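Okay, here's what each chain looks like letter by letter:
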Amino acid sequence: MADILPSIDLTDAPFCVAVIAIIFNPFFWNVVARWEHRTRGLTKLFGCPYTACYGLGFLIILLNVYRSHSITVAMTSQPKAEVMGTSPVFYCGVVLLVTGSVLVVSSFYALGFTGTFLGDYFGILKEKKVTGFPFSVLDNPMYWGSTANYLGLALM
């Protein structure tokens, strides 16, 4: 690991854009969701909490698509360690990507759109706590799944 870190170009524009997108996205949606919870500003703008939540969810999806794209561009512009081109590393990446995708998709299925995209800040609550898979295995399966997806892509 110590051999790889000095070869990362921290001044590379795609790398910087990816870092900004990684930091900006959760900051943005948390600030907007907390603002909505305090003021109901999006609910007033959209006319109802469900439409407002779907609007914010759609914007979050667009921001995540851009973040994923910027990460992919940054990874291709950085130097690659020789070991990264080997079959075992590639297959580890595939396993991580598949595992991460299962966690993310099953989390979305269990929570639904409004449960995934901050519906509680809009006053849209589940009738009871979700405890089935994948929440029966991990506390934050969507975060762990997303992390596994990005690590898997990096290894592939």
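Residues numbered from 1 in each chain as written. Predicted model: local features only at pLDDT ≥ 70, side-chain atom pairs only at ≥ 80, totals over all residues. Heavy atoms only, no water.

A. Summary view of the state of the cysteines. Enumeration according to the criterion identifies zero disulfides in this entry. Cysteine Cys-48 remains unbridged, with the sulfur of Cys-53 as its closest cysteine sulfur at 9.9 Å. For Cys-48, a relative accessible area of 27% corresponds to the partly exposed category. (Disulfide = S-S within 2.5 Å. Buried < 20%, exposed > 50% of the residue type's maximum accessible area, 1.4 Å probe, protein only.)

B. Broad picture of the environment of Val-130. Assignment of secondary structure puts Val-130 in the loop between helix H4 (87-116) and helix H5 (141-155). Residues contacting Val-130, with those up to four places away along its chain left out, are Ala-110, Leu-111 and Phe-135. (Helix = DSSP H or I, 4+ residues; strand = E, 2+ residues; numbered from the N terminus. Contact = heavy atoms within 4.5 Å.)

C. Local environment of unusual backbone geometry. Omega for the bond connecting Phe-133 with Pro-134 falls within 30 degrees of zero, at 5°, which places this linkage in the cis form. Looking at the secondary structure, you find Pro-134 in the loop between H4 and H5. Although it is not a glycine, Arg-40 sits at a positive phi angle of roughly 60°. The residue Arg-40 is located in the loop between helix H1 (13-39) and helix H2 (41-46) in this model. Here Arg-40 falls in the partly exposed class, since its relative accessible area comes to 28%. Unusually for a residue other than glycine, Leu-118 sits at a positive phi of about 65°. Here Leu-118 lies in the loop between H4 and H5.

D. Here's a closer look at a nonpolar patch on the surface. Taken together, Met-75, Phe-90, Tyr-91, Leu-153 and Met-156 make up a surface patch of nonpolar side chains, about 430 Å² in accessible area. Within the element layout of this structure, Phe-90 appears in helix H4. (Patch = residues over 30% accessible without salt bridge, like charges linked within 9 Å, V, L, I, M, F, W, Y side chains within 5 Å. Areas by Shrake-Rupley, 256 points an atom, 1.4 Å probe, with all protein chains shown as cover. Salt bridge = Lys/Arg side-chain N within 4 Å of Asp/Glu carboxyl O.)

E. Molecular detail of the packing of aromatic side chains. This model, assessed by the stated rule, comprises six aromatic pairs. Look at Phe-24 and Phe-28: their rings are 5.5 Å apart centre to centre, the planes differ by 25°, and that puts the pair in the stacked class. Note that Phe-24 and Phe-28 are positioned in helix H1 at a spacing of four residues, about one turn of the helix. Taken together through their ring pairs, the aromatic side chains of Tyr-54, Phe-108, Phe-113 and Phe-117 make up a single cluster. (Phe/Tyr/Trp six-rings, centres within 6.5 Å; stacked < 30°, edge-to-face > 60°.)

F. Structural context of the nonpolar core. Counting 14 residues, the largest nonpolar core has Leu-42, Leu-56, Ile-60, Leu-118, Tyr-121 and Phe-122 as its most contacted members. Residue assignment for this core shows that the elements contributing at least two residues are H1 and helix H3 (49-77). Among the elements that take part in this core, H3 stands out by supplying four residues, more than any other. The contacts of Tyr-121, once residues within four sequence positions are left out, are Ala-33, Arg-34, Glu-36, His-37 and Arg-40. (Core = buried A, V, L, I, M, F, W, Y, C linked by side-chain atoms within 4.5 Å.)

G. Highlighting the confidence of the model for the protein chain. On average, residues of the protein chain score 93 in pLDDT, and 97% of them are at 70 or above. Within the protein chain, no element has a lower average pLDDT than H5, which sits at 93, and none a higher one than H2, at 97. (pLDDT = per-residue confidence, 0-100.)

H. Representation of the pattern of salt bridges. Following the criterion strictly, the structure yields one salt bridge and no others. The salt bridge involving Arg-40 is made with Glu-36; its shortest N-O contact spans 4.0 Å.

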